[in-house]
Amino acid sequence: DQQVKQNSPSLSVQEGRISILNCDYTNSMFDYFLWYKKYPAEGPTFLISISSIKDKNEDGRFTVFLNKSAKHLSLHIVPSQPGDSAVYFCGSGSARQLTFGSGTQLTVLP
Amino acid sequence: SQTIHQWPATLVQPVGSPLSLECTVEGTSNPNLYWYRQAAGRGLQLLFYSVGIGQISSEVPQNLSASRPQDRQFILSSKKLLLSDSGFYLCALEVAYNSPLHFGNGTRLTVT
């Protein structure tokens, strides 16, 4: 069974700076991790993923890092923009085993 | 591209009343469909998934049920709602096996 924990319910960052969102998981057997972004009154939108064969995956301003030994996942957003303000969920596993954290509210201040 | 329609967006229902939430998809055939729920302060929890018409798999025992009467229609139901059924219900679509899920805009259900 997989547990995914996002221990920071909220994060505030100045526009232009780096946002770092963190996620910890318990079961190292899972080999696929994702980040979703969610705006109010909308469903989550897929952002970026990483498989366990990699340590890093980059897509534009978004980079996900995977530390398998620490069972830790992080999402870096550089530079942060006000439109990035949303709730970010990390998830682990394929669709039928997908486990999400409780989310981190990111607020990017202009 | 694929589109997911969910309605209603918000719903307030008394305890003991029935529930029917509908999800329809466009732009794809024979998709895998999912119902998730997010309770307050918690992560998304998978409730049901379906790989085809009439095929439903339940992940969590509860007083909810799901049906898939048509290829692009997925319905979440309950005969009698409980207070603990309150939450944000999301329908999701899997375009290809193990591809990231696409979510609908969800239904905010409040059971009073």
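See the structure printed just above.
Not measured: the values here are computed from a predicted model.

Trainee: Would you mind showing me how to read the interface of chain B and chain A here?
Mentor: Many descriptions give the size of an interface as the accessible area lost when the pieces come together. Contacts between the two partners involve 21 residues from chain B, matched on the other side by 17 residues from chain A. Interface area for chain B against chain A, summed over the two sides, is near 1,500 Å², with a carbon-plus-sulfur share of 60%. It is B:Leu44, B:Pro100 and B:Phe103 that lose the most area in chain B upon contact with chain A, and together they represent 29% of the buried surface on that side. Connecting chain B to chain A are zero salt bridges. Broken down by secondary-structure element, the contributors of at least two residues to the side of chain B that touches chain A are strand 4 (32-38), strand 5 (44-52), strand 9 (87-94) and strand 10 (101-103) of chain B. For the side of chain B that touches chain A, a count of residues per class yields 11 nonpolar, seven polar and three charged.

Trainee: I tried to follow the environment of A:Thr45 on my own but got confused; where do I start?
Mentor: Residues and elements named next belong to chain A. Within the secondary structure, Thr-45 is located in strand 5 (residues 45-51). Between the C-alpha atom of Thr-45 and that of Asp-84, which follows or precedes it by 39 residues, the distance is 12 Å. Setting aside residues up to four positions removed in sequence, Thr-45 forms contacts with Trp-35, Tyr-36 and Lys-37.

Trainee: Honestly, the sheet that holds strand 1 (residues 4-5) of chain A in this entry has me stumped. Any pointers?
Mentor: Each strand in a sheet pairs with another by means of backbone hydrogen bonds, the pair being arranged parallel or else antiparallel. Residues and elements named next belong to chain A. The sheet built from five strands is open, its strands ordered 1-3-8-7-6 with antiparallel pairing. Across the chains shown, the open sheet's two edge strands, defined by having one partner strand only, are strand 1 and strand 6 (56-59). In this sheet, strand 8 (residues 72-77) lies alongside strand 7 (residues 62-67) in antiparallel orientation, the contact comprising six bridges. Its bridge partner lying in strand 8, Leu-66 is registered against Leu-73.

Trainee: Would you mind going over the packing of aromatic side chains with me for this structure?
Mentor: What describes a pair of aromatic rings is the distance from one ring centre to the other and the angle between the planes of the rings. All chains considered together, the criterion is met by 11 aromatic pairs over all chains. Centroid distance A:Tyr25 to A:Phe33: 4.5 Å. Interplanar angle 40 degrees. Geometry classified as tilted. Taking relative accessible area as the criterion, A:Phe33 reaches 2% and is therefore assigned buried. What links up through ring pairs into an aromatic cluster is the set A:Tyr36, A:Phe46, A:Phe89, A:Phe100, B:Tyr34, B:Tyr36, B:Tyr49 and B:Phe103.

Trainee: How should I be thinking about the state of the cysteines in this particular structure?
Mentor: Any covalent bond linking the sulfur atoms of two cysteines counts as a disulfide. Counting across every chain of the model gives two disulfides over all chains. Between the sulfur atoms of A:Cys23 and its disulfide mate A:Cys90 the distance is 1.8 Å. For the disulfide bridge between A:Cys23 and A:Cys90, the dihedral angle about the S-S bond is near 65 degrees, and by the sign convention the bridge is right-handed. One end of the pair, A:Cys23, is in strand 3 (residues 19-25); the other, A:Cys90, is in strand 9 (residues 86-92), with 67 residues separating them in the sequence. Side by side, A:Cys23 and A:Cys90 carry an identical accessibility label, which is buried. One disulfide in the model links B:Cys23 with B:Cys91; its S-S distance is 2.0 Å. Handedness here is read from the sign of the S-S torsion; for B:Cys23 and B:Cys91, about -70 degrees, the answer is left-handed. Remark: B:Cys91 occurs in strand 9 and B:Cys23 occurs in strand 3 (residues 19-26); sequence separation between them is 68 residues. B:Cys91 shares its class with B:Cys23; the two are buried.

Trainee: Looking at this structure, how should I read the nonpolar core?
Mentor: Note that soluble globular proteins tend to have their nonpolar side chains buried in a common cluster. Counting residues in hydrophobic clusters, the biggest one holds 21 residues, and the most contacted among them are A:Leu21, A:Trp35, A:Leu73, A:Leu75, A:Ile77, A:Tyr88 and A:Leu106. Within the residue set of this core, elements represented by two or more residues are strand 3, strand 4 (32-38), strand 5, strand 7, strand 8, strand 9 and strand 11 (104-109) of chain A. By size, the runner-up hydrophobic cluster in this structure holds 20 residues, among which are B:Leu33, B:Trp35, B:Leu64 and B:Leu93.

Rules and cut-offs
- Residues numbered from 1 in each chain as written.
- Chains lettered and ligands numbered in written order.
- Predicted model: local features only at pLDDT ≥ 70, side-chain atom pairs only at ≥ 80, totals over all residues.
- Heavy atoms only, no water.
- Contact = heavy atoms within 4.5 Å.
- Buried area = accessible area lost by both parts, 1.4 Å probe.
- Salt bridge = Lys/Arg side-chain N within 4 Å of Asp/Glu carboxyl O.
- Helix = DSSP H or I, 4+ residues; strand = E, 2+ residues; numbered from the N terminus.
- Nonpolar A, V, L, I, M, F, W, Y, C, P; charged D, E, K, R; others polar.
- Pairing = 2+ DSSP bridges.
- Phe/Tyr/Trp six-rings, centres within 6.5 Å; stacked < 30°, edge-to-face > 60°.
- Buried < 20%, exposed > 50% of the residue type's maximum accessible area, 1.4 Å probe, protein only.
- Disulfide = S-S within 2.5 Å.
- Core = buried A, V, L, I, M, F, W, Y, C linked by side-chain atoms within 4.5 Å.

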